[in-house]
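In case you want the letters, here they are:
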Amino acid sequence: MKPVKSGLDSISRYLRTKKEVGRRKIGLLVDGPNILRKEFDVNLEEIRDVLKDYGNIKIGRVFLNQYASDKLVEAIENHGLEPIICSSDVDVRLAVEGMELVYNPNIDTLAIVTRDADFKPLLNKANEHGKETIIFGVEPGFSTALKNSADYVILMGKNRMSGYDDEVKEGKLEASEFEEYNEDEYEESVEKT
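This structure is a prediction, so every number in the text was calculated from the model and none was measured.

## As for helix α5 (residues 90-102)
- With 13 residues, α5 extends 18 Å from end C-alpha to end C-alpha; this agrees with the ideal 18 Å at 1.5 Å per step.
- Those residues of α5 that fall on the buried side of the exposure criterion are V90, D91, L94, E97, G98, L101 and V102. Viewed end-on, α5 has its buried residues packed into an arc of 150 degrees, placing them on one side of the element.
- Elements in contact with the buried residues of α5: β1 (24-31), α2 (32-35), β2 (55-65), β3 (82-86), β4 (109-113) and α6 (120-128).

Next up, the structure:
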């Protein structure tokens, strides 16, 4: 009689194959009031998917002010991110949390979604401590200081994202194209995020 294999053994084997060497451990911080606006068409799911291709998001937080709607908070939670409601200045709270990630030995990459030059000192400190830095931003108003302080810069636009490269005169280098999506579904996701 052949012994019956335990379902636990097959699950253990499967999980061992998922341990990927060399993947980055990412801390993601999103400046909600600065980025999550209808005019920018920012989709948190796309940001999360881009980062998941690169590494594992260990910490994902979206900072919001006290005026954030319940629908927005729910949409952020549905994206697998943690909403942080700030009763005072969102930028200060994000910077403090960012510094905690700089000193967190379990994080090797700091990803920030913002347009705000106020986070340049945070990027500099992260780089100083050997953390890799990624900035997601949108135009208009995306800080040149941020572009020049991060290891990787990703400009977000409707239906696509582009990388930024100082060696390219135009300042934009096509990094990837995303599949076109249904405009109605996207409007719903923008309202949720």
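## Brief notes about the nonpolar core
- The biggest cluster of nonpolar side chains holds 24 residues, and the ones touching the most others in it are L36, I47 and F136.
- Mapped by element, the contributors of at least two residues to this core are β1, α3 (44-54), β2, α4 (70-78), β4, β5 (132-137) and β6 (152-157).
- Element by element, the count of residues in this core is highest for α3, at four residues.

## Describing the environment of H79
- Turning to its location among the elements, H79 is positioned in the loop between α4 and β3.
- Between the C-alpha atom of H79 and that of E45, which follows or precedes it by 34 residues, the distance is 6.4 Å.

## Considering the packing of α5 against α6
- Relative orientation of the contacting elements α5 and α6 amounts to 5 degrees, with a least axis distance of 10 Å. Of the possible angle classes, the one that applies to α5 and α6 is roughly parallel. Residues L94, A95, G98, M99 and V102 of α5 lie in contact with α6, whose contacting residues are L122, K125 and A126.

## Considering the pairing of β5
- When you tally the buried positions in β5, you get six out of six residues, the bulk of the element.
- With α6 bridging β4 and the parallel β5, this β-α-β connection has right-handed handedness.
- Here β5 runs beside β6; their pairing, made up of four bridges, is parallel. Pairing of I134 across the sheet is with Y152, part of β6.
- For the handedness criterion, the β-α-β arrangement of β5, helix α7 (residues 144-149) and β6 is classed as right-handed.

## Things to note about the pattern of salt bridges
- Under the counting rule described, the total for this entry stands at nine salt bridges.
- Two residues, D49 and R48, come together in a salt bridge whose shortest N-O distance is 3.9 Å.
- For R48, a relative accessible area of 15% puts it in the buried group.
- Taken together, the salt bridges that share partners define one network made up of R61, E82, R93 and E97.

## Considering the pairing of β4
- In terms of burial, β4 is largely enclosed, as five of its five residues are buried.
- Side chains of β4 alternate between two faces, with T109, A111 and V113 and L110 and I112 buried alike.
- Summarising the sheet, β1 and β4 pair through five bridges and their orientation is parallel. Across the sheet, V30 pairs through a bridge with V113, a residue of β4.
- Two elements, β4 and β5, share five bridges in a ladder whose sense is parallel. Bridge assignment links L110 to a residue of β5, and that residue is T133.

Reading the values: the criteria
Residues numbered from 1 in each chain as written. Predicted model: local features only at pLDDT ≥ 70, side-chain atom pairs only at ≥ 80, totals over all residues. Heavy atoms only, no water. Helix = DSSP H or I, 4+ residues; strand = E, 2+ residues; numbered from the N terminus. Expected span 1.5 Å × (residues − 1). Buried < 20%, exposed > 50% of the residue type's maximum accessible area, 1.4 Å probe, protein only. Arc of directions from axis to C-beta. Contact = heavy atoms within 4.5 Å. Core = buried A, V, L, I, M, F, W, Y, C linked by side-chain atoms within 4.5 Å. Axes fitted to C-alpha atoms, helices over the stretch in contact; angles between N-to-C directions. Parallel < 35°, antiparallel > 145°, perpendicular 65-115°, else oblique. Right-handed = clockwise from strand over helix to strand, strands pointing away. Pairing = 2+ DSSP bridges. Salt bridge = Lys/Arg side-chain N within 4 Å of Asp/Glu carboxyl O.

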